[in-house]
Amino acid sequence: MPSPRNFFWSHATHLLRRCGRQPDGVSSQRSLYSAAPIADLIAPPLGANFWGIGCSRRHRNLPAMENQVKGMMSGGLDVSDLKNANTVGGGVGDTFGEDAATEEQPFTPWARIVASGLELLRDPRYNKGLAFTEVERDRHYLRGLLPPTVISQELQVERILENVRSYQNPLEKYIALMDLQERNERLFYKVLIDHVEELLPIVYTPVVGEACQKYGNIFRRPHGLYISLKDRGHVLELLKNWPEKNVEVIVVTDGERILGLGDLGLNGMGIPIGKLALYTALGGVRPSSTLPIAIDVGTNNEALLKNPFYIGLRQRRTTGQEYDELLHEFMIACKQAYGEKVLIQFEDFANHNAFRLLQKYATTHLVFNDDIQGTAAVALAGLVAALPITGGTLADHKFLFLGAGEAGTGIAEIIALEVSKQGKITVEEARKAIHLVDSKGLVTKSRYESLQEHKRPYAHEHPPAHDLLSAVKVLKPTVLIGTSGKGGTFTKEVLEEVSSYQDKPIIMALSNPTSQSECTAEEAYKYTKGKCIFASGSPFSPVTYEGKTYVIGQSNNCYIFPGMGLGCTISGAIRVHDDMFLAAAEALAKQINEEHLAKNQLYPAFNEIREISAHIGAAVAAKAYELGLATKLPQPKDLFAYAKSCMYSPNYRQYRKSLLPGATVPRPRL
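Just so we're clear, the structure is a prediction, and the values are computed from it rather than from any experiment.

**Comments concerning helix H28 (residues 609-626)**
Then step 1. In this model, H28 (18 residues) spans 25 Å end to end at C-alpha, consistent with the 26 Å of a helix rising 1.5 Å per residue.
Then step 2. Those residues of H28 not exposed but buried are Ile609, Ile612, Ser613, Ala614, Ile616, Gly617, Ala618, Val620, Ala621, Lys623, Ala624 and Tyr625.
Then step 3. For H28, the secondary structure elements touched by its buried residues are helix H11 (196-203), helix H15 (270-283), helix H25 (561-571), helix H26 (578-589) and helix H29 (639-645).
Then step 4. Backbone geometry just downstream of H28 places Gly628 in the positive-phi region, at approximately 75°.

**As for the nonpolar core**
Then step 1. In terms of nonpolar packing, the biggest core is built from 128 residues, with Tyr174 and Ile415 touching the most fellow members.
Then step 2. No other element matches helix H19 (residues 370-390), which puts 11 residues into this core.
Then step 3. What Tyr174 contacts, discounting residues up to four positions off in sequence, is Ile202, Val203, Val207, Val208, Ala211, Ile218 and Gly270.
Then step 4. Counting 33 residues, the second-largest nonpolar core is a separate cluster that includes Ile293, Cys334, Leu357 and Ile372.

**Comments concerning the environment of Asp179**
Then step 1. Mapping Asp179 onto the fold places it in helix H9 (residues 170-183).
Then step 2. What makes Asp179 partly exposed here is its relative accessible area of 25%.
Then step 3. Between the alpha carbons of Asp179 and Arg220 there is a distance of 8.5 Å; along the sequence they are 41 residues apart.

**Focus: the UniProt feature "binding site: (S)-malate" (unreviewed entry) in the protein chain**
Then step 1. The positions that UniProt labels "binding site: (S)-malate" (unreviewed entry) are, in the present scheme, Arg257, Asn512 and Asn556.
Then step 2. One can find Arg257 in the loop between strand S2 (249-253) and H15.
Then step 3. Look past the residues within four positions of Arg257 in its chain and what remains in contact with it is Gly262, Asp348, Phe349, Ala350, Asn351, Asp371 and Glu406.
Then step 4. Topologically, Asn556 is positioned in the loop between strand S14 (553-554) and H25.
Then step 5. Among residues more than four places away in sequence, those in contact with Asn556 are Leu200, Thr205, Val378 and Phe606.
Then step 6. For Asn556, the side chain forms a polar contact with the main-chain nitrogen of Cys558, separated by 2.9 Å.

**Quick word on the sheet that holds strand S3 (residues 290-296)**
Then step 1. Taken together, 5 strands build an open sheet; the order of strands is S1-S3-S2-S4-S5 and the sheet is parallel. Each end of this open sheet is capped by a strand with a single partner; those strands are strand S1 (225-228) and strand S5 (366-369). Pairs of neighbouring strands in the sheet enclose a mean axial angle of 25°, with direction left out of account.
Then step 2. By the bridge criterion, 4 bridges tie S2 to strand S4 (residues 343-346) in an arrangement that is parallel. When the bridges of S4 are listed, Val252 appears paired with Phe346.
Then step 3. Packing of helix H18 (residues 351-361) onto the sheet brings it into contact with S4 and S5, and relative to S5 it is tilted by some 160°.
Then step 4. This element, H19, spans S4 and S5 of the sheet and lies at about 75° to S5.

**Thoughts on the pattern of salt bridges**
A side chain with one charge can pair with a side chain of the opposite charge if their charged atoms come near.
Then step 1. A full pass over the atoms with the stated rule returns 31 salt bridges.
Then step 2. A salt bridge links Lys275 to Glu347; the shortest N-O distance between them is 3.6 Å. Taken as a pair, Lys275 in helix H15 and Glu347 in the loop between S4 and H18 lie far apart in primary sequence, 72 residues in all.
Then step 3. Assessed through its relative accessible area of 1%, Lys275 is described here as buried.

**Examining the sheet that holds strand S11 (residues 533-536)**
Then step 1. Spatially, 7 strands are ordered S8-S7-S6-S9-S10-S11-S14 in an open sheet, and the strand pairing comes out mixed. In this open sheet, the two strands that pair with only one neighbour each are strand S8 (441-442) and S14.
Then step 2. As defined by bridge partners, strand S6 (residues 399-402) adjoins strand S9 (residues 479-482) across 4 bridges and the pair is classed as parallel. Paired with Phe401 across the two strands is Ile481, which belongs to S9.
Then step 3. Sheet strands touched by H19: S6, S9, strand S10 (506-509) and S11. Its angle to S10, the strand with the most contacts, is close to 155°.
Then step 4. In the packing of helix H22 (residues 468-475) onto the sheet, contacts are made with S6, strand S7 (434-438), S8 and S9, and the angle to S6 comes to roughly 175°.

**A word on unusual backbone geometry**
Then step 1. In this structure, Pro206 follows Thr205 across a cis peptide bond, with omega equal to 10°.
Then step 2. Residue Pro634 is bonded to the preceding Leu633 through a cis peptide linkage, with omega at 0°.
Then step 3. The residue Pro634 is located in the loop between H28 and H29 in this model.
Then step 4. A positive phi angle is found at Lys529, which is not glycine, with a value near 55°.
Then step 5. Residue classification places Lys529 among the exposed residues on the basis of a relative accessible area of 58%.
Then step 6. Despite not being glycine, Asn600 has its phi angle at roughly 60°, a positive value.
Then step 7. When its relative accessible area of 8% is taken as the criterion, Asn600 is described as buried.

**Thoughts on the packing of H25 against H28**
How two helices pack is summed up by the angle between their axes together with the distance between the axes.
Then step 1. It is the contact of H25 with H28, at a shortest axis distance of 7 Å, that shows an interaxial angle of 45°. One way to sum up the angle between H25 and H28 is to call them oblique. Where H25 crosses over H28, the handedness of that crossing is right-handed. Packed against H25, whose contacting residues are Pro562, Gly563, Met564, Leu566, Gly567, Cys568, Ile570 and Ser571, the element H28 presents Ser613, Ala614, Ile616, Gly617, Val620, Ala621, Ala624 and Tyr625 at the interface.
Then step 2. Of the residues contributing to the contact of H25 with H28, the split by class is 11 nonpolar, 5 polar and no charged.

Here is what the cut-offs are and how they apply
Residues numbered from 1 in each chain as written. Predicted model: local features only at pLDDT ≥ 70, side-chain atom pairs only at ≥ 80, totals over all residues. Heavy atoms only, no water. Helix = DSSP H or I, 4+ residues; strand = E, 2+ residues; numbered from the N terminus. Expected span 1.5 Å × (residues − 1). Buried < 20%, exposed > 50% of the residue type's maximum accessible area, 1.4 Å probe, protein only. Contact = heavy atoms within 4.5 Å. Core = buried A, V, L, I, M, F, W, Y, C linked by side-chain atoms within 4.5 Å. UniProt positions renumbered as here; feature names shortened; annotations may be inferred. Polar contact = N/O pair within 3.5 Å; in protein donor to acceptor, adjacent residues only side chain to side chain. Pairing = 2+ DSSP bridges. Axes fitted to C-alpha atoms, helices over the stretch in contact; angles between N-to-C directions. Salt bridge = Lys/Arg side-chain N within 4 Å of Asp/Glu carboxyl O. Parallel < 35°, antiparallel > 145°, perpendicular 65-115°, else oblique. Left-handed = near helix turned anticlockwise from the far one by under 90°. Nonpolar A, V, L, I, M, F, W, Y, C, P; charged D, E, K, R; others polar.

In structure tokens form, the structure reads like this:
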């Protein structure tokens, strides 16, 4: 009877021929590995997609070999035995059984060969550090490469937190967490999920703003794809260079309007990276199905162009036809590479591009702009949540915005949509209660010809008002919303004026980072004498005024976009409809209870965020099915339970002990 080693050799050679490859010149088992990935040769039966790796199309269906290899597998239920019809992690084909199995079932850490030794330790997807068990250390040739102690993932979390907390500088904390993500992916998400309230301001706003400003200085390892003007005509090839082929969520920026910090060029890559980390941590979208992308068309930031550490093109920002052609090539390439259902989130594009790109591609791609639609949905949720405190309906309020850019007009439009839906009036009528103040004053009919297209629907017949205070005195709004990106613009005079005629004014200072907030929470309660209902875009500590403590709800897009991504992927949506954002906002508002309202808290705590994302994902998916935009049929009976079941778990997995009877994982090449 042949030995397992010789049997493996003959069987692998046979599979090479079946895959259309000639083993000519293969003189040993070692050189066989270079002729074909071992995953092609002895892969367990994980479905047609897996058999397609490295084989021609005509050889992808190999049931005979599947049965033969399966028969050689060691006994017991294995992840490869699971049916993978309803995929997890947002609907991505779970090729390696990474998430399809329960955490107790073993799976194999595949790279191009079975990962072992230093390769395993250096792969952030599979590295567990000191949490590798004794058996795993034996089977994967880790003896001597690790200290002898074995610790739990929970203890690793405690150690990471202790190290992060030891840094005084927030940027140092950010760097420490990003380094963790690059060496141990599951531990990074475990830390972030279990301590989201503490770490969210570090991974995203406000600290990510400073990280973007200094991105060239702290750059360590490329994360995501960088597409520049030099790559025109080859964008599809760049997408094919990305190692993960089942991408379902892309966040893309051109870096022209990063938070409230302006044009940061390619340094803006910190935003897509941070956003997608939150898609996974908060929305449960599997990290292997996400792709951060920065499009480099230059920058008009002179300081960056002179900075020797800047990582982008050293040229002025390209506009016009050349810009549009690169963006169009990118959008077409995304569909070609990842299909009709890849979700593309536009992030931090400047106003003049954001609106037209969204309008251009909304009917042909699965796209949304988080600065316009995500910000709008989370703000609407806060307004709806405040109604039990103020009384009445949205139609009873008058809204005044400071800031008429993407965020301001996006919020204004979703308010108009919701008011028209509830009051059964036209959107045009609903807009009459919404007013905008931009850098030139109140947006009025007299300025109509000079206004940008997105401001014109809110140009009403009013006398000119050249500043916010004048507009407040004339219009007497009951809701004041700041999206200006300029700190301190809700002055003492403005806040006192709003509270002089309104018992419970709603004040939303939504600009971030914290330095750009229109006012602080303390200022809002102090100058309105405790009357206001306050929410902010950046985090603020609770405020105590005249013996009563108010918890500050953060109107953060993190409540919406992870659930939106989850809902789109689990339903297989092919387009994003405005009603899906309305559904997301309503689902978020429903999470506010009497306990929250007693503290004027318009948004739930972030430690509840994964449960909230599941509710939002279910609501978005339900609306996609209702509108006929969902492709994953039949519709699950319980969408909330299904959404929760699809969410990524960061807990460590047990690695399979062996592949064939008597065989071990191949020893790493020296």
